[in-house]
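# Architecture and fold: a report
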Amino acid sequence: MRIRTFAAGLLVGALTLTACGKTGSPTGGTGDNGGSAATLPTYPVAQNVDVAGSATYAKIKSKGGLTLGVKDDQPGLGQKDPTTGKYAGFDIEVAKLVAAGLGYDESKITYKTVDSGAREAAISNGDVDYYVGTYTITDKRKGQVSFAGPYFQAGQSLLVRKDETAITGKDTLKGKKVCSVTGSTPIQRVRDQSLTEPGNIVEFQKYSQCVEKLLSKDVDAVTTDDAILKGFASQDKDNLKVVGQPFSAEPYGIGLNHDDSALRNKIDDLLQAAIDNGTWQKIYNATLGQSGSPASPPAIQRY
């Protein structure tokens, strides 16, 4: 019962964030990351776009729209409202920003939910034109797909209750119950680095289950990428917070066809422009920034 209640709370939070920004303006946003109200910017749709040499863009033009791979279950990042079918979050806004720069408004976007394990196949097979969904850039993945970005620098961190004072980072976890998803890199890192005792490691299939146990005081901390944790914190600011410095490097990139360097370069240019003109910061402030945890844009690497 409590899990259903928490899930409903996440949905209300997602709707609140969406309502806050759906009619925004290019000057929207407060300029701070302190969890204050912020409005999403709008994204001017580029005219007469041509990405010479891009087979993917040629396909986009021929069908008159984009198919974008996303996540649908990550609060503050990529989450689908089951009632309206609309998507909201930081990753979704980045996907829309890029689409506008390629000449397409949101009415021309088809969102396709793709689980983590199927991302490379979806990109390589052309099932999606590009993918935006907490997709960490790694050397192994670069052998199969290409990446623009990174558009966000994530790292493993800790989510705790708002009144928690003893846990301030990974070195304060001894004797504390720590929760993450079964088989995940974060929980393995907790084991490998002996951050807490084996008997204090708790695993579930979904992060929402870990957060539920955190709120009920059955565990003391939840660990995974800070971006995901900020999403949960942004939707329950009265009870949750992200603490400590990230203790891994997880650069999030936009995944696209391995051989499409023309489209990759174009997306890199669009991301750089959004960083330079402040749009990136406004997007962050209105989504993940509602957690109260600050962030700055990363340097575009042009992989």
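The shown structure was predicted, so the numbers you read here are calculated from the model rather than taken from an experiment.

This brings us to the side chain of S146. The residue S146 is located in strand β7 (residues 145-154) in this model. When near neighbours in sequence (up to four residues on either side) are disregarded, S146 contacts I254, G255, L256, N257, H258 and R264.

Turning our attention to the sheet that holds strand β4 (residues 87-88). Across the sheet, three strands lie side by side as β2-β3-β4; this open sheet has antiparallel pairing. Two strands in the sheet have a free side with no partner beyond their single neighbour: β2 (73-74) and β4.

Backbone torsion omega between G149 and P150 reads 5 degrees, so that peptide bond is classified as cis. Along the polypeptide, P150 turns up in strand β7. Even without being a glycine, R302 presents a positive backbone phi close to 50 degrees. Counting through the fold element by element, R302 comes out in the segment after α10 (279-286).

Let us now look at the state of the cysteines. Under the definition given, this model contains one disulfide. Disulfide partner of C179: C210, at an S-S distance of 2.1 Å. Judged by the sign of its S-S torsion, about -70 degrees, the cystine formed by C179 and C210 is left-handed. With C179 in strand β9 (residues 178-181) and C210 in helix α7 (residues 207-215), this pair connects stretches of sequence that are 31 residues apart. Like C210, C179 is buried.

What follows is about the sheet that holds strand β11 (residues 221-225). Read from one edge to the other, the open sheet built from five strands follows the order β10-β9-β11-β8-β12, with strand pairing classed as mixed. With one partner strand each, in any of the chains shown, β10 (201-204) and β12 (240-243) form the two edges of the open sheet. Between one strand axis and the next, the sheet turns through 35 degrees on average, direction left out of account. Note: β9 against β11, two bridges, orientation parallel. Among the inter-strand pairings, C179 is bridged to a residue of β11, identified as V222. Running over the sheet, α7 touches β8 (156-161), β9, β10, β11 and β12 and is turned about 150 degrees from β11.

A complete count under the given rule lists twelve aromatic pairs for this structure. Taking the centre distance of 6.2 Å and the plane angle of 80 degrees together, the rings of F90 and Y284 count as edge-to-face. Within this pair, whereas F90 is found in helix α3 (residues 90-101), its partner Y284 is found in helix α10, the two being separated by 194 residues in sequence. A residue is classified by how much of its surface remains accessible, and F90, at 0% relative accessible area, is buried. Y284 gets classed as buried once you look at its relative accessible area, which sits at 0%. A ring pair is formed by Y131 and Y135, whose centres lie 5.4 Å apart and whose planes are at 75 degrees; its orientation type is edge-to-face. Y135 sits in the buried class, given a relative accessible area of 0%. Connected via pairs of aromatic rings, a cluster forms that spans F90, Y151, F152, Y252, W280 and Y284.

A few words on the packing of α3 against helix α9 (residues 261-276). At a closest axis distance of 10 Å, the pairing of α3 and α9 adopts a crossing angle of 115 degrees. Comparing their axes, α9 and α3 come out roughly perpendicular. Our pair here, α3 against α9, has a crossing hand that is right-handed. For the pair α3 and α9, contact is made by V94, L97, V98 and G101 and by K266, I267, L270, L271 and A274, respectively.

Basis of the calculations
- Residues numbered from 1 in each chain as written.
- Predicted model: local features only at pLDDT ≥ 70, side-chain atom pairs only at ≥ 80, totals over all residues.
- Heavy atoms only, no water.
- Helix = DSSP H or I, 4+ residues; strand = E, 2+ residues; numbered from the N terminus.
- Contact = heavy atoms within 4.5 Å.
- Pairing = 2+ DSSP bridges.
- Disulfide = S-S within 2.5 Å.
- Buried < 20%, exposed > 50% of the residue type's maximum accessible area, 1.4 Å probe, protein only.
- Axes fitted to C-alpha atoms, helices over the stretch in contact; angles between N-to-C directions.
- Phe/Tyr/Trp six-rings, centres within 6.5 Å; stacked < 30°, edge-to-face > 60°.
- Parallel < 35°, antiparallel > 145°, perpendicular 65-115°, else oblique.
- Left-handed = near helix turned anticlockwise from the far one by under 90°.

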